[in-house]
There are 2 protein chains.
Amino acid sequence: MKTRIYNAKIITMANGTDILEGELHIEDDRISFVGTREDAKKLLKETVFDREIDACGNVVMPGFKDAHTHSAMTFLRSYADDLPLQEWLYNRVFPMEAKLTEEDVLWCSKLAIMEYLTSGITANFDMYMKNEANAKASVDTGFRTVLCGSINDFGGTVEGIEEEYKHFNNYDKLLSYQIGFHAEYTTKRETLEGIAELAHKYKAPVYTHNSETKSEVDGCIERYGKTPTAFLDSIGMFDYGGGGFHCVHMTDEDLDICKEKKIWVVTNPASNVKLASGIAPIKKMLDIGIGLAIGTDGPASNNCLDMFREMFLTTALQKVSIPDASAVDANDVLYMATVGGAHAMGLMDCDTLEKGKYADLIIIDLNQPNMQPLNNISKNIVYSGSKQNVKLTMVAGKVLYEDGKFNIGIAPEEIYEKANESIVRMKA
Amino acid sequence: MKTRIYNAKIITMANGTDILEGELHIEDDRISFVGTREDAKKLLKETVFDREIDACGNVVMPGFKDAHTHSAMTFLRSYADDLPLQEWLYNRVFPMEAKLTEEDVLWCSKLAIMEYLTSGITANFDMYMKNEANAKASVDTGFRTVLCGSINDFGGTVEGIEEEYKHFNNYDKLLSYQIGFHAEYTTKRETLEGIAELAHKYKAPVYTHNSETKSEVDGCIERYGKTPTAFLDSIGMFDYGGGGFHCVHMTDEDLDICKEKKIWVVTNPASNVKLASGIAPIKKMLDIGIGLAIGTDGPASNNCLDMFREMFLTTALQKVSIPDASAVDANDVLYMATVGGAHAMGLMDCDTLEKGKYADLIIIDLNQPNMQPLNNISKNIVYSGSKQNVKLTMVAGKVLYEDGKFNIGIAPEEIYEKANESIVRMKA
């Protein structure tokens, strides 16, 4: 399958947010050419394309990477809002999750994948239960997912994580798996030490929820005399790197550890404000050179899977909390949402639009009022962008979403119906 | 012209966010019927409709009211981001505004109107210069605008405001005008007293930027020994009510004055975070019963005209800053964005969907992944809604936007071209 996208403003993200006017060729699932029309001339003579897409002067750029999600939690969207955090979690989320079946997870994950596609997201880093169903949802629809281990004292074992690690890293080219656990405060020391050992065995990074709330940090200090970051590091958890989701309440020492141990910080600003968790010190992290990525968190907390909202908040919340209107340039945010996210989850071939990389890309419609005038295209995307600007979303060379229509092997209405059926059954 | 919208979930906003399954009829510019299909039976036999719209089970609700904007500032979108506030204003905004012509304002306002329509906004409260051009942009496109006086020491007179007040309140059924001035800190006392006199003469409310930044409040205390709210109130400015835009740095005494004098607070959360101004105490205002509305502010600061973003921020910023995840219920926010906004700007006939009211309404597409499952439709709209959910926007009975297409008497491309030409000329 050979595809050509021409007449495009290409933000490859290989050179900041520079724009290359030209075209991009795809052979099967990878990019075979990126360059000007002039440079493409010879190839155009030699190649017969299966499809040629006129980008009409619009932006072609790498798809966004949603670096922390709980996809299947779509079933809890708008089910428990405007409640105190503990009530939300213990009286609403947990009792419903207890009723969740594999089938529910399959359909609710497919619903999430539809929403990722509308938001220009081409891969997610998913931490949830019933991973066979999560994996199937991605492979069935053609979406790219990195699964994240999520054990804690309520479910899962270190042996289970090892099995998943081997299983899902040899499952499908769209799927990979990283070692992870839910959080320090839900996982006993013995298990945490087991995970650290596993990380050493495979020389692998480890991912977890980290310092999302102040009470979580206080609890860890009480238990171990250290912050979660410092404690986990002290037992060798991050000797091969890894990542922390949220990272709202971080000390300067925590940040030094992240920098030294190459621990990615995945920020989830919409979830952190809606659940009243706080504002992560992204500007400080950026200044000292910590790797940064952006995630939406799950639809139970956020409530939507919208990278445009997250990008705006990633910079705007820094500006207001410091306060400094110049804090965290939009172009840095665009990097976090694309290249940063890809590298955070270990997708080294899905980061930029360069020859040999996977064709995980989107077309952003500039012929919309919110993208005009064209003073600064990348800042338009970060500060004004919205789902209605996503004209096309392609994963591994396959168009999964285009002009509001899905190409994921199943009708949207069927997914909506199944998700609503799940909810009705669980509420009963 | 008779229009019928059927098969709808109608949120009239006359009874909180209750949903009425049924239909809505429009005769010319006003609503002639809202009710169940059963109740419509007799009317359906008697009436020949010019157009019947199948809402396909989607939501029909009042259009959003953007209660504080500077429409024509679209020309500065993404022109001056990530800069300190003073540099942004004095080195970027003011020099460009000095070059602005009537023609620029006309086209750049039309561009803003397009964006309002994509966001389900059916009326704006516009504070800017060259009001003849602003008025023409609205009437030409069929959009509803309330103009707001905007004099300060750099331009305009009290007499000019009075002339505009008489002129624009008898201009077109889509247009009205409220007395206003830029801000206390840009307007000398003599002028402010003249505006207060004018308000008394016409028994009219007065609107202004109020306490947007801390330095503005400190300056007023230095000049007059009072906060802007208290000082302006002391010279009789709000004896017939009015409104304050932003209202970020408000004392408890200020809030008492707002409550007592029926001064609307129009919050602009995206602008306030992006420009590092602060977070307005909306929860407190709501608790004591101050009238609340929501505005986007202009595209130079925000950078987009997106009521979905503003609604999310209106509640989420309260949650994180208090901190309390239960602060400011989404249904209160939906009220602010519709009924509150209409009342704040004096549009008493554009607030709810009831017989006799203007047909200023929108259809929200529920058949999108971000609106599923249907646990709670109004919360879906506030927490997950996005421009891509706006299926149709109608102002005064006329469909101006539907399924991504504009019906505003001119091609979008022509507006984009003119706006870009303006920018090129001004930058030269």
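Each chain carries its own residue numbering, running from 1 in the written order of its sequence. All chains are assigned letters beginning with A, and all ligands numbers beginning with 1, in the order in which they are written. Reporting of local features is limited, given that this is a predicted model, to residues whose pLDDT is at least 70; pairs of side-chain atoms are given and counted only at 80 or more, and all residues count toward the totals for whole chains, interfaces and linings.

A look at the overall build of chain A
Scanning chain A from N- to C-terminus turns up 15 helices and 17 strands. Each radius of gyration reported is based on C-alpha atoms, and the globular scaling rule is 2.2 Å times the count of residues to the power 0.38. Taken against the 2.2 N^0.38 rule, which gives 22 Å for 428 residues, the C-alpha radius of gyration of chain A at 21 Å falls within 12% of a compact globule. A principal-axis box enclosing the C-alpha atoms of chain A has dimensions of 65 × 50 × 45 Å. Counting other C-beta atoms within 10 Å of its own, a residue is labelled buried from 20 upward, exposed at 12 or fewer, and partly exposed in the gap between, with every C-beta atom placed from the backbone. When burial is assessed residue by residue, chain A has 60% of its 428 residues classed as buried. Residue pairs in contact within chain A that sit at least 24 positions apart in sequence constitute 73% of those at least 6 positions apart. Under the DSSP-based scheme used, a helix requires at least four consecutive residues in state H or I and a strand at least two consecutive residues in state E, with every element numbered from the N terminus. Whether two residues are in contact depends on their C-beta atoms, placed from the backbone: they are in contact if these lie within 7 Å.

Regarding the sheet that holds strand E11 (residues 242–246) of chain A
Residue and element names in this part refer to chain A. DSSP calls a pair of strands paired once it identifies at least 2 bridges connecting them. Taken in spatial order, the eight strands make up an open sheet running E6-E7-E8-E9-E10-E11-E12-E13, and their pairing is parallel. Each of the sheet's edge strands pairs with one partner strand only, and the pair in question is strand E6 (64–69) and strand E13 (292–294). For this sheet the average axis-to-axis angle between neighbouring strands, irrespective of direction, equals 25 degrees. In the sheet, strand E8 (residues 144–148) pairs with strand E9 (residues 175–183) via four bridges, with the strands oriented parallel. Counted as the bridge partner of Val 146 is Ser 176 from E9. Simply put, an axis is a line fit to the C-alpha atoms, just over the touching stretch for a helix, and the angle between two N-to-C directions goes from 0 to 180 degrees.

Some remarks on the relation of the copies chain B and chain A
With an RMSD of 0.0 Å, chain B superimposes on chain A once it is rotated by 180 degrees and translated 0.0 Å along the axis. Both chain copies can therefore be described as sitting about a two-fold axis. For chain B, the residue whose C-alpha comes nearest the rotation axis is Gln388(B), separated from it by 2.3 Å. Of all interface residues in chain B, 100% are interface residues in chain A too; the two copies therefore contact each other through one and the same surface. To superpose the copies, least squares is applied to the C-alpha atoms of every residue with a pLDDT of at least 70 in both.

So, the domain arrangement of chain A
Put simply, an interface is often sized by how much accessible area is lost when its parts join up. Residues and elements named next belong to chain A. Assigned domains of chain A: these are domain 1 (2–62 + 351–406) and domain 2 (64–344). If you list the elements that add at least two residues to the side of domain 1 that touches domain 2, you get helix H14 (377–384), strand E15 (390–395) and strand E16 (398–402). Among the elements that take part in the side of domain 1 that touches domain 2, H14 stands out by supplying five residues, more than any other. Residues are grouped as follows: Ala, Val, Leu, Ile, Met, Phe, Trp, Tyr, Cys and Pro are nonpolar; Asp, Glu, Lys and Arg are charged; all remaining types, including Gly, are polar. Classifying every residue of the side of domain 1 that touches domain 2 gives 12 nonpolar, seven polar and five charged. Per the annotation, domain bounds derive from an automatic or database assignment of domains.

Notes on the nonpolar core
Under the definition applied here, buried Ala, Val, Leu, Ile, Met, Phe, Trp, Tyr and Cys residues are grouped into a nonpolar core through C-beta atoms within 7 Å. Core analysis: the biggest nonpolar cluster contains 278 residues, and Val60(A), Ile195(A), Val60(B) and Ile195(B) have the highest contact counts within it. Not counting the four nearest positions on each side in its chain, Val60(B) is found in contact with Ile5(B), Ala8(B), Ile10(B), Leu24(B), Ala55(B), Leu361(B) and Ile363(B).

Brief notes about the environment of Arg92(B)
All names here are of chain B. Its place among the elements puts Arg 92 in helix H2 (residues 85–97). Sequence separation between Arg 92 and Leu 76 is 16 residues; the distance between their C-alpha atoms is 8.8 Å. Those residues in contact with Arg 92 that lie beyond four places of it in its chain are Tyr 79, Ala 80, Leu 83 and Glu 87.

What to know about the packing of helix H5 (residues 158–168) of chain B against helix H6 (residues 189–202) of chain B
For any two helices packed against each other, one specifies the crossing angle of their axes together with the interaxial distance. Residues and elements named next belong to chain B. Running from N to C, H5 and H6 cross one another at 30 degrees; their axes reach a closest spacing of 9 Å. With respect to H6, the axis of H5 lies roughly parallel. The interaxial crossing formed by H5 with H6 has right-handed handedness. Along the contact surface, H5 presents Val 158, Ile 161, Glu 162 and Tyr 165, while H6 presents Thr 191, Gly 194, Ile 195, Leu 198 and Tyr 202. When its residues are assigned to classes, the contact of H5 with H6 shows six nonpolar, two polar and one charged. If an angle is under 35 degrees, it is roughly parallel; if it is over 145, roughly antiparallel; if it lies from 65 to 115, roughly perpendicular; otherwise it is oblique. Working rule for handedness: look at the near helix, and if it is turned counterclockwise from the far one by less than a right angle, call the crossing left-handed; if clockwise, right-handed.

Regarding the pairing of strand E10 (residues 206–210) of chain B
Residues and elements named next belong to chain B. For E10, the buried fraction is high: five of the five residues fall into the buried class. Going residue by residue along E10, you find Val 206, Thr 208 and Asn 210 tucked away on one face and Tyr 207 and His 209 tucked away on the opposite face as well. Viewed along the sheet, the connection from strand E9 (residues 175–183) through H6 into E10 turns out right-handed. Relative to strand E11 (residues 242–246), E10 runs parallel, the two sharing five bridges. When the bridges of E11 are listed, Thr 208 appears paired with Gly 244. For crossovers, right-handed means that the path from the first strand over the helix to the second runs clockwise, given strands pointing away from the viewer.

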